[in-house]
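# Per-entry structural report
What follows is each chain in one-letter form.
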Amino acid sequence: MKIIMLGAPGAGKGTQAKLIAEKYHIPHVSTGDIFRANIKNGTELGMEAKKYMDQGLLVPDQLTVKILLDRVAQEDCRNGYVLDGFPRTIPQAEVLDEALNKLGESIDYAINVDVPDENIVRRMSGRRACLKCGATYHIEHVPPKKEGICDVCGSGLVLRDDDKPETVQNRLKVYHEQTQPLIDFYTAKGVLRTVDGTQDMQDVFRAIMEIL
Ligand code: ADP
Ligand code: AMP
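None of the values given here were measured: they were computed from a predicted structure.

The rules behind the values
Position labels on residues start from 1 in each chain and follow its written sequence. As they are written, the chains are lettered A onward and the ligands numbered 1 onward, keeping that order. In keeping with the predicted nature of the model, local features appear solely for residues at pLDDT of at least 70, side-chain atom pairs appear and are counted solely at 80 or more, and the whole-chain, interface and lining totals rest on all residues. Where side-chain values are given, they derive from all heavy atoms of the structure, hydrogens and water being excluded. Cysteine sulfur pairs qualify as disulfides if the two atoms are within 2.5 Å. Buried, partly exposed and exposed residues are distinguished by accessible area as a fraction of the type maximum, computed with a 1.4 Å probe on protein chains only: under 20%, between the cut-offs, and over 50%, respectively. Note on definitions. A residue lies near a molecule or strand when any single heavy atom of the residue is within 4 Å of it. Think of a polar contact as two N or O atoms within 3.5 Å of one another; within protein, one of them needs to be a possible hydrogen donor and the other a possible acceptor, and neighboring residues in sequence only count if both atoms come from side chains. Surface accessibility in these figures is a Shrake-Rupley result with a 1.4 Å probe; residues are shielded only by whichever protein chains are displayed. Charged residues are taken to be Asp, Glu, Lys and Arg, nonpolar residues to be Ala, Val, Leu, Ile, Met, Phe, Trp, Tyr, Cys and Pro, and polar residues to be all remaining types, Gly included. Any two strands with at least two DSSP bridges between them are considered paired. The secondary structure listing takes helices from DSSP runs of H or I that are at least 4 residues long and strands from runs of E that are at least 2 residues long, numbered from the N terminus. Orientation is described by lines fitted to C-alpha atoms, with helices fitted over the stretch in contact, and by angles between N-to-C directions that extend from 0 to 180 degrees. Contacts were defined at the residue level, with two residues in contact if any of their heavy atoms lie within 4.5 Å.

### Quick look at the state of the cysteines
Inspection of the entire model under this criterion finds zero disulfides. Here cysteine 130 stays free of any disulfide, with the sulfur of cysteine 153 as its closest cysteine sulfur at 3.5 Å. Cysteine 133 supplies the cysteine sulfur nearest to cysteine 150, a cysteine that is in no disulfide, at a spacing of 3.7 Å. Accessibility expressed as a relative area gives 3% for cysteine 150, which makes it buried.

In structure tokens:
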């Protein structure tokens with residue numbers, strides 16, 4: 001099964017993608033996580049991506065697309081995957097479509113996690129991330145067992161640089177301009193499903209399970 005998660009930054013795409021990946025035993029592929037791992041390791045790609053990420057801008061398509069296509073070509077993606085944060089532009093979606101067409105494959109579902117802008121800034125300022133294993137928490141809604149420490153790997157949790165309120169406003173603007181058009185793109189393909197992302201995270205997951 002090939003699934004795309006759509007939604008504003010902070011809507012809960014990553015949270016739900018992890019639950020779906022666990023349930024269906026398919027990889028959770030997050031371009032944001034791949035970029036953050038590269039930044040942490042000081043690679044050339046990471047340094048290039050950071051310039052854009054810190055401003056709340058999108059990393060250019062030609063960089064992002066290559067990384068994603070390499071990742072989904074790996075053996076563990078043979079039975080499907082859940083994409084979180086990709087595609088984020090129409091050109092990215094077109095390249096993915098073309099690559100899948102060549103293999104005689106297509107996306108099964110694009111799940112749009114719908115959360116109004118008013119809720120987003122609060123979600124993002126409370127988000128805490130583990131840069132080592134990619135786990136995500138929220139200081140109120142999804143707190144770690146021990147404050148500031150990742151339940152999964154024991155590393156320290158951080159407020160992402162791009163989750164500061166001024167950057168979040170930029171990311172929302174970029175989302176509306178460049179990513180939201182994907183809702184029409186996948187509606188036209190007949191695979192778009194929308195869930196109310198303002199519900200409790202287990203209720204959002206239940207709604208997604210009904211769709212899948
Ligand atoms: P995205 O991947 O879309 O950027 P995340 O999954 O990282 O979003 O979620 C953003 C923040 O909101 C995180 O701190 C997460 O723990 C929290 N969160 C996710 N889903 C919900 C929910 N249904 N209700 C409340 N908080 C949530
Ligand atoms: P995320 O972890 O999905 O919130 O992504 C964090 C940041 O990484 C985004 O704000 C972008 O700067 C960059 N990024 C992640 N995925 C993409 C993508 N598909 N296209 C362009 N930039 C991306």
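### Things to note about the site of ligand 2
Surveying the vicinity of ligand 2 reveals 16 residues, the closest of which are Thr31, Arg36, Leu57, Gly85 and Gln92. Valine 59 places a polar main-chain atom, nitrogen or oxygen, 3.0 Å from a nitrogen atom of ligand 2. Contacts to ligand 2 include arginine 171, whose side-chain N or O atom sits 2.9 Å from an oxygen atom. Contact with the protein chains hides 96% of the accessible area of ligand 2, taken as 480 Å² for the molecule alone. Residue composition of the shell around ligand 2, by class: six nonpolar, five polar and five charged.

### Observations concerning the sheet that holds strand β4 (residues 109–114)
If you walk across this open sheet you meet the five strands as β2-β3-β1-β4-β7, and the pairing is parallel. Of all strands in the sheet, those with a lone pairing partner are β2 (28–30) and β7 (192–196), marking the two edges. Shown here is a sheet whose adjacent strand axes are inclined to one another by a mean of 25 degrees, direction ignored. Sheet analysis places β4 next to β7, joined by five bridges and oriented parallel. Residue pairing in the sheet places alanine 110 in a bridge with leucine 192 of β7. Helix α1 (residues 13–24) rests against β1 (2–6), β2 and β3 (81–84) of the sheet, and its axis sits at about 160 degrees to β1. Its contacts with the sheet put helix α8 (residues 181–188) on β1, β4 and β7, and the angle it makes with β1 is roughly 150 degrees.

### Details of the site of ligand 1
The full set close to ligand 1 counts 19 residues, and Gly14, Thr15, Arg127, Tyr137 and Gln199 are the nearest of them. Take threonine 15: an N or O atom from its side chain is 2.6 Å from an oxygen atom of ligand 1. Between ligand 1 and the protein, one listed contact pairs an oxygen atom with a side-chain N or O atom of arginine 127 at 2.6 Å. Burial of ligand 1 by the protein chains amounts to 93% of its free accessible area of 560 Å². Those elements giving two or more residues to the shell around ligand 1 turn out to be α1 and β6 (136–138). The residue inventory of the shell around ligand 1, partitioned by class, reads six nonpolar, nine polar and four charged.

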